[in-house]
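Structural description and commentary
One-letter residues, chain by chain:
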Amino acid sequence: MTKKYKVVQRFKEVKHDGHIYEVGEQYPVEGKRATRARITELSTAENKYKQIFITETSDEDDSN
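Here's what I pulled together on the structure shown here. Predicted, not measured: the structure shown is a model, and the values here were computed from it.

Turning to the overall build of the protein, a few remarks are in order. On a plain count of helices and strands, the protein comes out with one helix and five strands. Beginning at the N terminus, the succession of helices and strands in the protein can be written as β-β-β-β-α-β. In the protein, which comprises 64 residues, the share counted as buried stands at 22%. Carbon and sulfur atoms make up 47% of the accessible area of the protein, which totals about 5,000 Å².

If you want it as structure tokens, here you go:
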């Protein structure tokens, strides 16, 4: 089962051809992949902006 992530802070993903992720969207966008290191970088404040951009979601969150 693949983990799913939801955007909680708008950002531009330079690793996905500059795709802009809006709050509430799924990460990564369909057709793109993210490395474990990139997921960690975006889901913690351990990045250049010191902000959390994505959080892991459960299957129940997808039904909303």
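Turning our attention to unusual backbone geometry. The linkage connecting Tyr27 with the following residue, Pro28, adopts the cis geometry, with an omega of -5 degrees. Here Pro28 shows up in the loop between strand E4 (26-27) and helix H1 (36-43). Here Asp17, not a glycine, exhibits a phi torsion of approximately 55 degrees, which is positive. Within the secondary structure layout, Asp17 lies in the loop between strand E2 (11-13) and strand E3 (19-21). The class for Asp17 is exposed, based on a relative accessible area of 69%.

Pairing within the open sheet is antiparallel, and its three strands lie in the order E4-E1-E5. Looking along the sheet, the strands with just one partner apiece sit at the ends: E4 and strand E5 (54-57). For strand E1 (residues 4-7) and E5, the ladder comprises four bridges, and the chain directions are antiparallel. Looking at E5, one finds that Lys4 is bridged to Thr57.

Reading the values: the criteria
- Here, residues in each chain are numbered from 1, in the same order as that chain's written sequence.
- Side-chain atom pairs in this predicted model are given and counted only at pLDDT of 80 or more, local residue features only at pLDDT of at least 70, and totals for whole chains, interfaces and linings cover all residues.
- Note that water and hydrogens are dropped before the side-chain values are worked out from all heavy atoms of the structure.
- Helical segments are the DSSP runs of H or I of at least four residues, strand segments are the runs of E of at least two, and each set is numbered from the N terminus.
- Residue exposure (1.4 Å probe, protein chains only): buried if accessible area is under 20% of the type maximum, exposed if over 50%, otherwise partly exposed.
- Each accessible area is a Shrake-Rupley estimate made with a 1.4 Å probe; only the visible protein chains count as cover when residues are assessed.
- In short, DSSP must find at least two bridges between two strands for them to pair.

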